[in-house]
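Commentary on secondary and tertiary structure
Below are the chains, spelled out letter by letter.
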Amino acid sequence: MPIITLTSDIGLQDYLAGAIKGLLLQHCADAHVVDISHHISPFNLPQATYICRSAFHYFPEGVYHLVLNNLFDRKADYVLIGRHNGQYICCADNGLLTMIAGEKPAEVYRLPLPAGETRNTLNIVRAMAQALAQLIAGAPLDAIGTPAPEIVVKNNLQPLTGEDYIEGQIIHIDNFENVVVNITREQFTEHRRDRRFAIFFRRDEMITQISETYADVAEGQKLALFNAAGYLEIAVNKGNAAGLFGLQGFRRDQLQQGSFQQLSFYQTVRILFEE
């Protein structure tokens, strides 16, 4: 049974998520459609990247991922479909493909949108669904699109590093208002080198140990841990860290011309190391 995943910024307040699934099932009747998230903040490419990369890792090869975020970044007559790690990713040519893959995939094709049709979400999804139906039936990528020698390239937000520090950026705030930072366990271990450390946020807040679970500290106390996706998380046991400390994630106005503007200290977390 083919698997199609859906990630979007459309929310669940209206009919669109259901209509998208209906369109997919019209053209791919035997497919199993899986929601990853429809609650990505609008225009938040770093958050979409974090959610997609963390989820895609657990799917088998041959899965088809539709990423419907920031579909109308610019007016285009095509969307992209690329093959990465044995999976297919279909999205707008808005930089997300390179952010999710970490590079331009070796196989990337332009999937044409029908001429004369209104460029709305459902017509774009219909074109995607028709292409997926052909792929599921065994057609190669070059039978449904044309090679894309050039695509929009955007890089992920990366932490700043020095000899004795890492400064990361808040990329996601979850349903419990836990704050996810773009510092991985591997990056932390590599830079720590068994040294003591202090995690600073909002200038005057500090954590000096890594917890394994939220229950490692008393109720209402702050903590830091590495979540199931391997990213640093600032939390409060049975509390809301983002609201309590005034921490903020990426905003739409910080996305400009393929790069990211400087983030404020309400959006950053710094780890200092010392012998």
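Residues numbered from 1 in each chain as written. Predicted model: local features only at pLDDT ≥ 70, side-chain atom pairs only at ≥ 80, totals over all residues. Heavy atoms only, no water.

Assignment of secondary structure puts Ala235 in strand E14 (residues 231-236). The class for Ala235 is buried, based on a relative accessible area of 0%. Ala235 sits 196 residues away from His39 along the chain, and the two C-alpha atoms are 20 Å apart. Setting aside residues up to four positions removed in sequence, Ala235 forms contacts with Asn178, Tyr214, Gln221, Lys222, Leu223 and Ala241. (Helix = DSSP H or I, 4+ residues; strand = E, 2+ residues; numbered from the N terminus. Buried < 20%, exposed > 50% of the residue type's maximum accessible area, 1.4 Å probe, protein only. Contact = heavy atoms within 4.5 Å.)

With that settled, consider the environment of Gly82. One can find Gly82 in strand E4 (residues 78-84). For Gly82, a relative accessible area of 0% gives the class buried. Distance from Gly82 to Tyr109, taken between C-alpha atoms, is 6.2 Å for residues 27 residues apart in sequence. Excluding residues within four positions of it along the chain, Gly82 makes contact with Gln87, Tyr88, Ile89, Glu107 and Val108.

Turning our attention to the confidence of the model for the protein chain. For the protein chain, the average pLDDT comes to 92, and 93% of its residues sit at 70 or higher. For residues 257-261, every residue scores under 50 in pLDDT, and the model assigns this stretch 12 contacts once sequence neighbours within four places are set aside. (pLDDT = per-residue confidence, 0-100.)

Taken as a whole, this structure holds six aromatic pairs when the rule is applied. Measuring from centroid to centroid gives 5.3 Å for Tyr50 and Tyr231, while their planes differ by 90 degrees, and the two rings are edge-to-face. A residue pair is termed long-range when its members are at least 10 positions apart, and Tyr50 in helix H2 (residues 45-56) and Tyr231 in strand E14 qualify at 181 residues. Tyr231 matches Tyr50 in its accessibility class, with the two residues each being buried. Aromatic rings pair up to connect Phe188, Phe197, Phe226 and Phe273 into one cluster. A cation over an aromatic ring shows up here: Arg270 above the ring of Tyr165, its NZ or CZ 4.5 Å from the ring centre. (Phe/Tyr/Trp six-rings, centres within 6.5 Å; stacked < 30°, edge-to-face > 60°. Lys NZ or Arg CZ within 6 Å of the ring centre and 35° of its normal.)

All chains considered together, the criterion is met by nine salt bridges. Linking Asp35 and Lys21 is a salt bridge whose minimum nitrogen-to-oxygen distance equals 2.5 Å. Of the two residues, Asp35 is situated in strand E2 (residues 32-37) and Lys21 in helix H1 (residues 16-27); the sequence distance between them amounts to 14 residues. Overall, Lys21 belongs to the partly exposed group, its relative accessible area being 27%. Taking the shortest distance from any N to any O, the salt bridge between Arg83 and Glu107 comes out at 3.9 Å. (Salt bridge = Lys/Arg side-chain N within 4 Å of Asp/Glu carboxyl O.)

The next thing to look at is the layout of surface pockets. Its boundaries defined by the atoms lining it, the largest pocket holds a volume of some 380 Å³. Forming the boundary of the largest pocket are 15 residues, of which Arg53, Ser54, Phe56, His57 and Asn85 lie nearest the centre. If you list the elements that add at least two residues to the lining of the largest pocket, you get H2, strand E5 (87-91) and helix H3 (96-101). Sort the elements by how many residues they give to the lining of the largest pocket and H2 lands first, with three residues. Residue composition of the lining of the largest pocket, grouped by class: nine nonpolar, five polar and one charged. Considering the residues around the second largest pocket, the lining is formed by 13 residues, among which Asn156, Leu157, Gln158, Asn182 and Tyr231 are closest to the centre. Looking at the lining of the second largest pocket, the elements that each hand over two or more residues are H2 and strand E10 (179-184). Here the element with the most residues in the lining of the second largest pocket is H2; it accounts for four residues. For the lining of the second largest pocket, the class distribution of residues is six nonpolar, six polar and one charged. (1 Å grid on protein atoms, 1.4 Å probe; cavity = no way out; pocket = protein on both sides within 12 Å on 5 of 7 lines; lining within 4 Å. Points joined across faces, edges and corners; volume = space filled by probe spheres on them. Nonpolar A, V, L, I, M, F, W, Y, C, P; charged D, E, K, R; others polar.)

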